[in-house]
Amino acid sequence: MIEQYLSAFIIMFLPTRLANKVFGRTMSPIKSAFASFISVSLLVLAISPLTMGIWMAFITYIPCLIIFLLIDIYKAKTKVPAETNV
């Protein structure tokens, strides 16, 4: 069970980082976090019925995606804006 979540966490790392980077170009960091969470979740839940079933994918991948969402929100809230000395 632990190895299943660990592998899901590793598998979800790259798609969430890429989606967050792409959405981060046009959105605020918090909106970007939610957009990447939703887009990768939809992608996973669309592909998973072909391999493992939608319910098993929901139980396995969604908690990992929620962890990435929380990490992204935490980073956005604690980010210190750069000072501009003009």
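Further up the page is the structure itself.
Residues numbered from 1 in each chain as written. Predicted model: local features only at pLDDT ≥ 70, side-chain atom pairs only at ≥ 80, totals over all residues. Heavy atoms only, no water.

J.: How would you explain the packing of aromatic side chains if you had to name every residue and give the values?
T.: Taken as a whole and assessed by the stated rule, the structure comprises three aromatic pairs. Aromatic pair Phe-13 and Phe-68: ring centres 6.0 Å apart, planes at 50 degrees, arrangement tilted. Of this pair, Phe-13 sits in helix H1 (residues 2–24) while Phe-68 sits in helix H3 (residues 54–78), placing them 55 residues apart in sequence. The partly exposed category is assigned to Phe-13, whose relative accessible area is 45%. On the basis of relative accessibility, which here comes to 5%, the residue Phe-68 falls in the buried class. By the ring-pair criterion, three or more aromatic residues cluster together here, those being Phe-9, Phe-13 and Phe-68. (Phe/Tyr/Trp six-rings, centres within 6.5 Å; stacked < 30°, edge-to-face > 60°. Helix = DSSP H or I, 4+ residues; strand = E, 2+ residues; numbered from the N terminus. Buried < 20%, exposed > 50% of the residue type's maximum accessible area, 1.4 Å probe, protein only.)

J.: I'd like a rundown of the nonpolar core, residues and numbers included.
T.: The biggest cluster of nonpolar side chains holds 16 residues, and the ones touching the most others in it are Met-12, Val-40, Val-44, Tyr-61, Leu-65 and Leu-69. Of all elements in the fold, only H1, helix H2 (29–47) and H3 reach the threshold of two or more residues within this core. Counting residues per element, this core draws most heavily on H3, at eight residues. Excluding residues within four positions of it along the chain, Leu-65 makes contact with Met-12, Thr-16, Phe-37, Val-40 and Ser-41. (Core = buried A, V, L, I, M, F, W, Y, C linked by side-chain atoms within 4.5 Å. Contact = heavy atoms within 4.5 Å.)

J.: Which residues make up the packing of H1 against H2, and what values do they have?
T.: The contact between H1 and H2 brings their axes to 8 Å, and the two run at 135 degrees. As far as their axial angle goes, H2 and H1 are oblique. Our pair here, H1 against H2, has a crossing hand that is right-handed. Side by side, H1 and H2 meet where Met-12, Pro-15, Thr-16, Ala-19, Asn-20, Phe-23 and Gly-24 of the first sit next to Ser-32, Ala-33, Ala-35, Ser-36, Ser-39, Val-40 and Val-44 of the second. The class makeup of the residues in the contact of H1 with H2 is eight nonpolar, six polar and no charged. (Axes fitted to C-alpha atoms, helices over the stretch in contact; angles between N-to-C directions. Parallel < 35°, antiparallel > 145°, perpendicular 65-115°, else oblique. Left-handed = near helix turned anticlockwise from the far one by under 90°. Nonpolar A, V, L, I, M, F, W, Y, C, P; charged D, E, K, R; others polar.)

J.: Which residues make up a nonpolar patch on the surface, and what values go with them?
T.: Nonpolar side chains collect at one region of the surface, where Ile-30, Phe-34, Ile-38 and Leu-42 lie side by side and expose about 360 Å² of accessible area between them. With respect to the secondary-structure elements, Phe-34 resides in helix H2. When its relative accessible area of 39% is taken as the criterion, Phe-34 is described as partly exposed. (Patch = residues over 30% accessible without salt bridge, like charges linked within 9 Å, V, L, I, M, F, W, Y side chains within 5 Å. Areas by Shrake-Rupley, 256 points an atom, 1.4 Å probe, with all protein chains shown as cover. Salt bridge = Lys/Arg side-chain N within 4 Å of Asp/Glu carboxyl O.)

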